[in-house]
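Residue strings, one per chain:
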Amino acid sequence: MLTLRPATLDDASAIALLLSGLNEAVGPSLGDDQVIVSADQARERLEAMTPGEQVLLAHVDGTPAGLLSLRIVPQLSQDVPYAEVTELYVADAHRRRGVARLLMAEAEFTARKRGCTYVHVNTWHDNDVAQAFYRAA
C-alpha cells in the first residue's frame, strides 16, 4: 500500500536513509564525506526549514520509499508565489510504481492551495532520467 504524508521531525531516520540514497545517485557532485546523511543531520535540516518549505514522505507497505522537498517562494515580480521542487527521490526498490508521480501530484496540489501559479523543478543538467520524468509529469 502506497501512502503519502508531510514529514515530521520523527521521520529524521527515514529521511536520512532516503537522502543518502539520493546523494549516492548524484555521485561526484558531493565530496565523499557528504554522501551519507545521519538522522541527526536530517533532523537539523528539517528544523532549519522555513515555514514555506515542507518535505513529503512516501511509504510503501510502511517502508520509506521516497521524498519530495517543496518550497513556496514569494516573488518580487508578481503578487503570487511560485513553488520549487528542490529534491525528489524514490528508492530503487520502489521505482516505476507511481511513487514519484504521486509525490509530484501532491506537490502541485499543495502549490495551488498556497496560491502558486507554477512549479519550478531543480535537477542536474545531465540527469536525463529526472528530466524525462519531469517532462512526462
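All figures in this text were calculated on a predicted structure; none of them were measured in a lab.

The subject of this paragraph is helix 3 (residues 99-113). If you check helix 3, its first and last C-alpha atoms are 21 Å apart, about what 15 residues at 1.5 Å a residue would give, namely 21 Å. Elements in contact with the buried residues of helix 3: strand 1 (2-6), strand 2 (53-60), strand 3 (63-73), strand 4 (82-90), strand 5 (119-121) and helix 4 (128-136). Just downstream of helix 3, glycine 115 is the residue with a positive phi angle, here 90°.

We now examine the sheet that holds strand 5. The pairing of strands in a sheet happens through backbone hydrogen bonds and is either parallel or antiparallel. Across the sheet, which stays open at both edges, the five strands sit in the order 1-2-3-4-5 with mixed pairing between neighbours. Strands at the two margins of the open sheet, each flanked by one partner only, are strand 1 and strand 5. Going from strand to strand, the sheet's axes swing by 25° on average, the running direction of each strand aside. Here strand 2 pairs with strand 3 via eight bridges, running antiparallel. Bridged to leucine 56 within strand 3 is leucine 68.

The biggest cluster of nonpolar side chains holds 20 residues, and the ones touching the most others in it are Leu68, Leu70, Val85, Leu88, Val99 and Leu103. Elements with a contribution of two residues or more to this core: strand 2, strand 3, strand 4, helix 3 and helix 4. Sort the elements by how many residues they give to this core and helix 3 lands first, with six residues. One finds Leu19, Val55, Leu67 and Ala91 within the second-largest nonpolar core, a separate group that totals 16 residues.

Running from N to C, helix 1 (residues 12-26) and helix 2 (residues 39-48) point in directions that differ by 105°, and their axes come no closer than 8 Å. It follows that helix 1 is roughly perpendicular to helix 2 by the angle criterion. Across the interface between the two elements, Ala12, Ser13, Ile15, Ala16 and Leu19 from helix 1 touch Ala39, Ala42, Arg43, Arg45 and Leu46 from helix 2. Of the residues contributing to the contact of helix 1 with helix 2, the split by class is seven nonpolar, one polar and two charged.

We now examine the pattern of salt bridges. Taken as a whole, this structure holds five salt bridges when the rule is applied. In this structure, aspartate 11 engages arginine 5 in a salt bridge whose closest nitrogen and oxygen atoms are separated by 2.7 Å. Among the residues examined, aspartate 11 registers a relative accessible area of 8% and is labelled buried. A relative accessible area of 33% means that arginine 5 is categorised as partly exposed.

This next bit is on the pairing of strand 2. When you tally the buried positions in strand 2, you get seven out of eight residues, the bulk of the element. Sheet topology note: the strand 1/strand 2 ladder contains five bridges and is antiparallel. Residue arginine 5 lies in a different strand from strand 2, and its bridge partner there is leucine 57. Counted along the chain from strand 2 to the antiparallel partner strand 3, the turn is two residues long, and its residue aspartate 61 has a positive phi close to 50°.

Rules used in this analysis
- Residues numbered from 1 in each chain as written.
- Predicted model: local features only at pLDDT ≥ 70, side-chain atom pairs only at ≥ 80, totals over all residues.
- Heavy atoms only, no water.
- Helix = DSSP H or I, 4+ residues; strand = E, 2+ residues; numbered from the N terminus.
- Expected span 1.5 Å × (residues − 1).
- Contact = heavy atoms within 4.5 Å.
- Pairing = 2+ DSSP bridges.
- Axes fitted to C-alpha atoms, helices over the stretch in contact; angles between N-to-C directions.
- Core = buried A, V, L, I, M, F, W, Y, C linked by side-chain atoms within 4.5 Å.
- Buried < 20%, exposed > 50% of the residue type's maximum accessible area, 1.4 Å probe, protein only.
- Parallel < 35°, antiparallel > 145°, perpendicular 65-115°, else oblique.
- Nonpolar A, V, L, I, M, F, W, Y, C, P; charged D, E, K, R; others polar.
- Salt bridge = Lys/Arg side-chain N within 4 Å of Asp/Glu carboxyl O.

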